Each structure stands twice: as C-alpha cells, then as structure tokens.
Amino acid sequence: MHEMSIAVAVVEQVEQAAREHGAVAVEAVRLQVGELAGVVPDALDFCFSLACADTVLAGAELTVEAVPARARCAACATEWAVGMPPDLCCPRCPGVAGELLTGRELQILDVRWAEEPALARADQEG
Ligand SMILES: [Zn+2]
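Here the structure is a predicted model, which means the values were calculated and not measured.

Caption draft 1: Here's a closer look at helix α1 (residues 2-21). Here α1 contains 20 residues, and its C-alpha end-to-end distance of 29 Å stays within 8% of the 28 Å for a straight helix at 1.5 Å per residue. Along α1, the residues classified as buried are E3, I6, A7, V10, V11, V14 and A18. Taken end-on, α1 shows its buried residues confined to a sector of 130 degrees, consistent with a single buried face. Opposite the buried face of α1, by more than 90 degrees, sit the exposed residues Q13, R19 and E20.

What follows is the structure, given as structure tokens:
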C-alpha cells in the first residue's frame, strides 16, 4: 500500500529528528501533501497511526495540508490549477503544461514535540 510506505517513511524521519532533539514524545506532525502525490488522506491517517505504534510517535496527531496542483504552459506561460484527474492542456492556447509548479509535494512541514509520552499523560489524567 502506497500510504503505508509513506507513513513508515514519515515515522522514520520524525524518529530520527526526535533522537537529534532528545525528544521523548511527539504531539503532532504536519505534512504537506500535493494533490498529485496520489495519497488518500483517510488511508494515510490509518497507516500513520499503525506506523506510530511502539515508537516515540505513539499517540501523535497527523495533520495533512493539501497543496493544489498548478501547471505552467510551455508556450504562453499561463498558470492554471490542473485539478484531479489532472488537465494538462493550456486553457489559453493549444499548448500543454511544460512544468508542474506544485502538486507533487510530500514532506514534513512541522513536528510538535511533547514533554512526555502520550501514555504517561493518559496515566496521570486517569
Ligand atoms: Zn498556453
């Protein structure tokens, strides 16, 4: 599953950053995902929670920031939102998209570290 490999890669990157920060837990992770990255948000959410289990990310919240796909015409430099499925024909002239400006993003924007693991917090509250 595409989303599972993405989730695992994200968890691995955050784990490495956590080691560098000496962080013991993660509260939230913000991801930037392009419209054309081929990610189903619900599936990613589900895979993320599975991939987080037994890691420093256990209990972390995933926020996905969607980036609309935009292209630029090779002939006249018009920019347009390609949508999904992508429309790569220029709306102004017979040209086609020479360049995809946005839409393929798949990166971690932001990680919020927590003071204590989510499980420890739950123990204290309950
Ligand atoms: Zn054009």
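Caption draft 2: Spatial organisation of the coordination of the zinc ion. Donor atoms from the polypeptide that bind the zinc ion are C73 (SG), C76 (SG), C90 (SG) and C93 (SG), placed at 2.3 Å. The coordination sphere of the zinc ion comprises four donor atoms, whose angles at the metal cover 106 to 115 degrees; the geometry is tetrahedral.

Caption draft 3: Spatial organisation of the sheet that holds strand β5 (residues 97-102). Ordered in space as β4-β3-β5, the three strands form an open sheet in which the pairing is antiparallel. The outermost strands of the open sheet, each flanked by one partner alone, are β4 (79-81) and β5. Taken pair by pair, the neighbouring strands of this sheet meet at an average axis angle of 30 degrees, ignoring direction. In the sheet, strand β3 (residues 70-73) pairs with β5 via four bridges, with the strands oriented antiparallel.

Caption draft 4: Structural detail: the side chain of E105. Looking at the secondary structure, you find E105 in the loop between β5 and β6 (106-114). An unpaired buried charge is present at E105: no salt bridge exists, and R104, the closest side chain of opposite charge, is 7.2 Å distant. A polar atom in the side chain of E105 sits 2.7 Å from the backbone nitrogen of G103. Residues contacting E105, with those up to four places away along its chain left out, are Q32, V33, G34, A37 and V67.

Criteria and thresholds
Residues numbered from 1 in each chain as written. Predicted model: local features only at pLDDT ≥ 70, side-chain atom pairs only at ≥ 80, totals over all residues. Heavy atoms only, no water. Helix = DSSP H or I, 4+ residues; strand = E, 2+ residues; numbered from the N terminus. Expected span 1.5 Å × (residues − 1). Buried < 20%, exposed > 50% of the residue type's maximum accessible area, 1.4 Å probe, protein only. Arc of directions from axis to C-beta. Donors = N, O, S within 2.8 Å, 3.2 Å for Na, K, Ca; no water. Tetrahedral: all angles 85-135°; square planar, octahedral: opposite > 155°, others 65-115°. Pairing = 2+ DSSP bridges. Axes fitted to C-alpha atoms, helices over the stretch in contact; angles between N-to-C directions. Lys, Arg positive; Asp, Glu negative; His and termini not counted. Salt bridge = Lys/Arg side-chain N within 4 Å of Asp/Glu carboxyl O. Polar contact = N/O pair within 3.5 Å; in protein donor to acceptor, adjacent residues only side chain to side chain. Contact = heavy atoms within 4.5 Å.

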